Amino acid sequence: MKYLLVLTLFLQTLLFSQELKIKADEFRGDQKKGISVFTGHVRIKKVNDELNASQVTVYTDKNNKPTKFVAVGNASFVIKTVEGANYRGVAQKVVYLPLKKEYHFFGNVHLQQLNEKKEIFGDEVILQAISGKAYAKGVAKEPVIMIFDIKDEKEKK
């Protein structure tokens, strides 16, 4: 019961202008350190964005506002940028910086921009949700791969 109360209070403090909902099998937190760890089938949902993983650690400032989310283990995500681009993908690790609205994806990243039919494969990808810019790096022996769906003029008719 004590944990349920702490979790409820914590989630209430995470409310910005929109509701943030976190579901998990287990929760443990340390308010003094500003760290909350959610484990087991973690699902975070905020309006059009979703982050799923085996474990998510949420770091908060002294005002209990989230400053960083770190998701590991079977991480998958759905993101809609301010400009309206829709992304979906998977990675081994996802770091989200809410103050910058910036996502960092690490390890076997596969990022799809759904409305433009673009795909990025790499080892490290950064997506800035405000500007819609993306940056990617490959690993030592594997390059970054981008796939574009380009229609031929004859196909449009």
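Our structure's up above, just so we're on the same page.
All figures in this text were calculated on a predicted structure; none of them were measured in a lab.

**Quick notes on the nonpolar core**
Here is step 1 of the chain: The biggest cluster of nonpolar side chains holds 28 residues, and the ones touching the most others in it are Ile-44, Val-56, Phe-77, Val-94, Tyr-103, Phe-105 and Leu-111.
Here is step 2 of the chain: Breaking this core down by element, the ones donating at least two residues are strand 1 (20–23), strand 3 (35–46), strand 4 (49–60), strand 5 (66–80), strand 6 (86–97), strand 7 (102–113) and strand 8 (118–128).

**A few points about the pattern of salt bridges**
Here is step 1 of the chain: One pass over the full model with this rule turns up 1 salt bridge.
Here is step 2 of the chain: A salt bridge links Arg-43 to Glu-50; the shortest N-O distance between them is 3.0 Å.

**Thoughts on the packing of aromatic side chains**
Here is step 1 of the chain: A full pass over the atoms with the stated rule returns 5 aromatic pairs.
Here is step 2 of the chain: Aromatic pair Phe-27 and Phe-38: ring centres 5.0 Å apart, planes at 45°, arrangement tilted. Separated by 11 residues along the polypeptide, Phe-27 in strand 2 (residues 26–30) and Phe-38 in strand 3 bring together distant segments of the chain. Assigned by exposure class, Phe-27 and Phe-38 land together as buried.
Here is step 3 of the chain: On the basis of an interplanar angle of 25° and a centroid distance of 4.3 Å, the ring pair of Tyr-96 and Tyr-103 is categorised as stacked.

**A short note on the environment of Lys-65**
Here is step 1 of the chain: Along the chain, the position of Lys-65 falls in the loop between strand 4 and strand 5.
Here is step 2 of the chain: Distance from Lys-65 to Pro-98, taken between C-alpha atoms, is 9.5 Å for residues 33 residues apart in sequence.

So, how was this worked out
- Residues numbered from 1 in each chain as written.
- Predicted model: local features only at pLDDT ≥ 70, side-chain atom pairs only at ≥ 80, totals over all residues.
- Heavy atoms only, no water.
- Core = buried A, V, L, I, M, F, W, Y, C linked by side-chain atoms within 4.5 Å.
- Buried < 20%, exposed > 50% of the residue type's maximum accessible area, 1.4 Å probe, protein only.
- Helix = DSSP H or I, 4+ residues; strand = E, 2+ residues; numbered from the N terminus.
- Salt bridge = Lys/Arg side-chain N within 4 Å of Asp/Glu carboxyl O.
- Phe/Tyr/Trp six-rings, centres within 6.5 Å; stacked < 30°, edge-to-face > 60°.

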